[in-house]
Amino acid sequence: MDHSAHHTAAGHDHAAHQAHAGHAGHGMGGVTWGAAAKATLHCLTGCAIGEILGMVIGTALMWGNVQTMILAIALAFVFGYSFTLFAVRKAGLDLKTAIKVALAADTVSIAVMELVDNGIIALVPGAIDAHLSDALFWTALLGGFAVAFLITTPVNKWMISRGKGHAVVHAYH
C-alpha cells in the first residue's frame, strides 16, 4: 500500500525528519563530541554563575560552609535551568512546557557537574575553608569546573545519542 499520499496530505514530511535527524549530530546515534561539549559548556556557564554567586552571597552573609555550599548548588541549578528556559521560551514554548524541557535537558548534566565540582572542592586540602580572596579557593573552584566539564561531556554525549538531555532542546529550534 502506498502511504506517500496520506503522509503528504496530512502535512507529514518524512524527508524533513530525515534531514533534521542528522542536524549537527543531535539525532539518535552519531552525536559529535563537539555537540556534547557545546551542551556541557552551556550547562557549565549557568552552573558557574550560580555557584560563584552562591558562594559570594554565603560569604557576605557570613554563613558556614554547609549553608553556603547548599545555596551555591541551588543557584547553580537555577541558573543552569534558566539558560535553557529562556532559550526555549524565546522559541515560543509556553512556561509549563518550557520548564519541562529545561528539567529534561539539564538535570543530569547539572547534577553530575555539581557533584564533581563540589567533590573536588571538598577533597582539595584547605579549599573548603579558603576565602574568596584566596588563590586556593579560585584554583580549586576553576579546577573543579574543568574536571566537571571533562567528566560531564561524555555523559552528555551518551544522553544526546539516546535522544535525552540536551537533545530534548533541539526539537524547539
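Quick look at the structure, then. (Residues numbered from 1 in each chain as written. Predicted model: local features only at pLDDT ≥ 70, side-chain atom pairs only at ≥ 80, totals over all residues. Heavy atoms only, no water.)

Turning to the packing of aromatic side chains, a few remarks are in order. Taken as a whole and judged by the stated rule, the model has two aromatic pairs. Note on Phe 77 and Tyr 81: the rings are 5.8 Å apart at their centroids and 50° apart in plane angle, and the pair reads as tilted. With Phe 77 and Tyr 81 both in helix α4 (residues 65-90), this residue pair falls four residues apart, about one helical turn. Given a relative accessible area of 17%, Tyr 81 falls into the buried group. With a centroid separation of 4.8 Å and an interplanar angle of 85°, the aromatic rings of Phe 137 and Trp 138 are classed as edge-to-face. On the basis of relative accessibility, which here comes to 31%, the residue Trp 138 falls in the partly exposed class. The positively charged end of Lys 157 is found above the aromatic ring belonging to Trp 33, 5.0 Å away from the centroid. (Phe/Tyr/Trp six-rings, centres within 6.5 Å; stacked < 30°, edge-to-face > 60°. Helix = DSSP H or I, 4+ residues; strand = E, 2+ residues; numbered from the N terminus. Buried < 20%, exposed > 50% of the residue type's maximum accessible area, 1.4 Å probe, protein only. Lys NZ or Arg CZ within 6 Å of the ring centre and 35° of its normal.)

As a further point, take the nonpolar core. Core analysis: the largest hydrophobic core is formed by 28 residues, its most contacted members being Cys 47, Met 55, Val 88, Met 113 and Leu 141. Mapped by element, the contributors of at least two residues to this core are α3 (33-60), α4, α5 (95-123) and α6 (135-161). When residues of this core are assigned to their parent elements, the largest contribution, nine residues, is made by α5. Counting residues in hydrophobic clusters, the runner-up holds five residues, among them Val 31, Ala 39, Ile 160 and Ala 167. (Core = buried A, V, L, I, M, F, W, Y, C linked by side-chain atoms within 4.5 Å.)

Further remarks concern the packing of α5 against α6. Relative orientation of the contacting elements α5 and α6 amounts to 150°, with a least axis distance of 8 Å. Judged by the angle between their axes, α5 and α6 are roughly antiparallel. You can see that α5 and α6 cross each other, and the crossing is right-handed. Facing Val 108, Ser 109, Val 112, Met 113, Val 116, Asp 117, Ile 120 and Ile 121 of α5, the residues of α6 in contact are Ala 140, Leu 141, Gly 143, Gly 144, Phe 145, Val 147, Ala 148, Ile 151, Thr 152, Val 155, Asn 156 and Met 159. Looking at the contact of α5 with α6 residue by residue, the classes come out as 14 nonpolar, five polar and one charged. (Axes fitted to C-alpha atoms, helices over the stretch in contact; angles between N-to-C directions. Parallel < 35°, antiparallel > 145°, perpendicular 65-115°, else oblique. Left-handed = near helix turned anticlockwise from the far one by under 90°. Contact = heavy atoms within 4.5 Å. Nonpolar A, V, L, I, M, F, W, Y, C, P; charged D, E, K, R; others polar.)

A few words on the side chain of Ser 82. For Ser 82, the position within the fold is in helix α4. For Ser 82, the side chain forms a polar contact with the main-chain oxygen of Phe 79, separated by 2.9 Å. (Polar contact = N/O pair within 3.5 Å; in protein donor to acceptor, adjacent residues only side chain to side chain.)

The next point concerns the state of the cysteines. The full count for this structure, using the stated rule, is zero disulfides. In this structure Cys 43 is a free cysteine whose sulfur lies 3.9 Å from that of Cys 47, the closest cysteine sulfur available. Classification of Cys 43 by relative accessible area gives buried; the value is 2%. (Disulfide = S-S within 2.5 Å.)

This next bit is on unusual backbone geometry. Within the chain, Met 62 stands out as a residue other than glycine whose phi angle is a positive 55°. Structurally, Met 62 is set in the loop between α3 and α4. Under the relative-accessibility criterion, Met 62 is labelled exposed at 76%.

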